[in-house]
Amino acid sequence: MYFIVLVGPAGSGKTTLAGELAAYIESYGPSVARLNFDPAAETLSYDADVDVRSYVTAQEFMAKGLGPNGALIAAVDSLINHVFDIRRALEEIKPDYVIVDTPGQMELFAYRHGGPIVLNALTHGYPSVTVFLMDAIFFENPASIVSVLTLASSVAVRLQRPQINIVSKADLLMQDVLENVVTRLGEEGFLESLATSSESDLYTRALMLSLASALESAGFIGEVIPVSVNSRESMDALYAKIQQLLKGGEEEKYYDQRYEKD
Ligand SMILES: Nc1nc2c(ncn2[C@@H]2O[C@H](COP(=O)(O)OP(=O)(O)OP(=O)(O)O)[C@@H](O)[C@H]2O)c(=O)[nH]1
Ligand SMILES: [Mg+2]
């Protein structure tokens, strides 16, 4: 089993991509299990093979008096009690891939303890990759771009597994932004030049430049793949990268070569 964990801000397209990517991979032969990992999901655009809501729902915690955000956090934390049952359910299906559709409340993965602990317990012993979705809407100006890539790096630091950063809903990108920004993000010095070109005040620009420079010097950005569920071509690029990271040998990473294991 290989795990593909979809993480991204609210509404970035995780659930839609989970269903479309599963069908896309199946069209080439491998079997795929769809795992809904969002205890607060109301409707899903795919049929979940395993659904955490069979074990715990955010609504149960709201009934105990928590607000919607606190209830989701408590629900994800409490998944640790069910994670072995969820693994067993997946092991019975024995799919080639498991696609994990996570909740949109990013602080679960970027800042809190619960998200990474539960995900690590879920995927322990199996190769896994994070696909981080950055909505096309974030690619409108340098401040949003630097900010969403910084968020992507927080997730990478915390989940500690190979990560593919994608621009989701790429069909909504203007052609000019696709060609002159998104496809150039991996070029050395490009993010820094973008930060420098920002029309922010001096302090903000200096901060953005430092963040851009840190992300670049760590080799974090690499290739950012534009993906639209309407384009088979972009799904080809995503699937190729997923296979490269999952099967390309011992935990292939595209981070800075200086820190590779001996
Ligand atoms: N144009 C376009 N819209 C998309 C694409 N993928 C998803 N959407 C739309 O984006 C909206 C949000 O999609 P979801 O898949 O529910 O996003 P999500 O990340 O699962 O949302 P939460 O679970 O609430 O965080 C829906 O209206 C989708 O139809 C895409 O590739 N292109
Ligand atoms: Mg969703």
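Small disclaimer: the values here were computed from a predicted structure and weren't measured.

As a further point, take the layout of surface pockets. The gaps of empty space that remain are located by a probe, the size of a water molecule, rolled over the atoms. When its volume is computed, the second largest pocket comes out at roughly 250 Å³. For the lining of the second largest pocket, the per-class residue count stands at six nonpolar, nine polar and four charged.

Our focus in this paragraph is the sheet that holds strand β4 (residues 97-101). The seven strands lie next to each other as β3-β2-β4-β1-β5-β6-β7, forming an open sheet whose pairing is parallel. Where the open sheet ends on each side, the last strands, each with one partner, are β3 (50-51) and β7 (225-227). In the sheet, strand β5 (residues 128-135) pairs with strand β6 (residues 163-168) via six bridges, with the strands oriented parallel. Counted as the bridge partner of threonine 130 is glutamine 163 from β6.

Looking now at helix α10 (residues 202-217). Taking 1.5 Å per residue, 16 residues should reach 22 Å; α10 reaches 22 Å between its end C-alpha atoms and fits that length. Turning to α10, its buried residues are Met208, Ala212, Leu215 and Glu216. Buried residues of α10 fall within an arc of 95 degrees about the axis and therefore sit on the same side. Pointing more than 90 degrees away from the buried face of α10 are the exposed residues Leu202 and Tyr203. On its buried face, α10 is in contact with α7 (142-159) and α9 (190-196). Residue aspartate 201 occupies the N-cap position of α10, its side-chain oxygen lying 3.2 Å from the main-chain nitrogen of tyrosine 203. Of the residues trailing α10, glycine 219 is marked for its positive phi of about 70 degrees.

Overall, the coordinates contain six aromatic pairs when judged by the stated rule. A ring pair is formed by tyrosine 2 and tyrosine 97, whose centres lie 5.7 Å apart and whose planes are at 35 degrees; its orientation type is tilted. Placement of the pair is tyrosine 2 in strand β1 (residues 2-7) and tyrosine 97 in strand β4, with a sequence separation of 95 residues. What makes tyrosine 2 partly exposed here is its relative accessible area of 24%. Classification of tyrosine 97 by relative accessible area gives buried; the value is 1%. The interplanar angle of 70 degrees and the centroid separation of 6.1 Å between the aromatic rings of tyrosine 97 and tyrosine 239 together place this pair among those described as edge-to-face. With tyrosine 97 in strand β4 and tyrosine 239 in helix α11 (residues 232-247), this pair connects stretches of sequence that are 142 residues apart.

Once that is clear, we can look at unusual backbone geometry. One non-glycine residue, lysine 94, lies in positive phi territory at about 50 degrees. Relative to the elements of secondary structure, lysine 94 occurs in the loop between α4 (83-93) and β4. The exposure class of lysine 94 is exposed, given its relative accessible area of 65%.

With five of five residues buried, strand β2 (residues 32-36) is to be regarded as a mostly interior element. Neither face of β2 is exposed, since Val32, Arg34 and Asn36 on one face and Ala33 and Leu35 on the opposite face are all buried. Here five bridges tie β2 to β4, and the two strands are oriented parallel to one another. Opposite arginine 34, over in β4, you have isoleucine 99 as the bridge partner. Note that β2 and β3 share two bridges and pair parallel.

Cut-offs used in this document
Residues numbered from 1 in each chain as written. Chains lettered and ligands numbered in written order. Predicted model: local features only at pLDDT ≥ 70, side-chain atom pairs only at ≥ 80, totals over all residues. Heavy atoms only, no water. 1 Å grid on protein atoms, 1.4 Å probe; cavity = no way out; pocket = protein on both sides within 12 Å on 5 of 7 lines; lining within 4 Å. Points joined across faces, edges and corners; volume = space filled by probe spheres on them. Nonpolar A, V, L, I, M, F, W, Y, C, P; charged D, E, K, R; others polar. Pairing = 2+ DSSP bridges. Helix = DSSP H or I, 4+ residues; strand = E, 2+ residues; numbered from the N terminus. Expected span 1.5 Å × (residues − 1). Buried < 20%, exposed > 50% of the residue type's maximum accessible area, 1.4 Å probe, protein only. Arc of directions from axis to C-beta. Contact = heavy atoms within 4.5 Å. Polar contact = N/O pair within 3.5 Å; in protein donor to acceptor, adjacent residues only side chain to side chain. Phe/Tyr/Trp six-rings, centres within 6.5 Å; stacked < 30°, edge-to-face > 60°.

None of this, on its own, says anything about what the molecule does.
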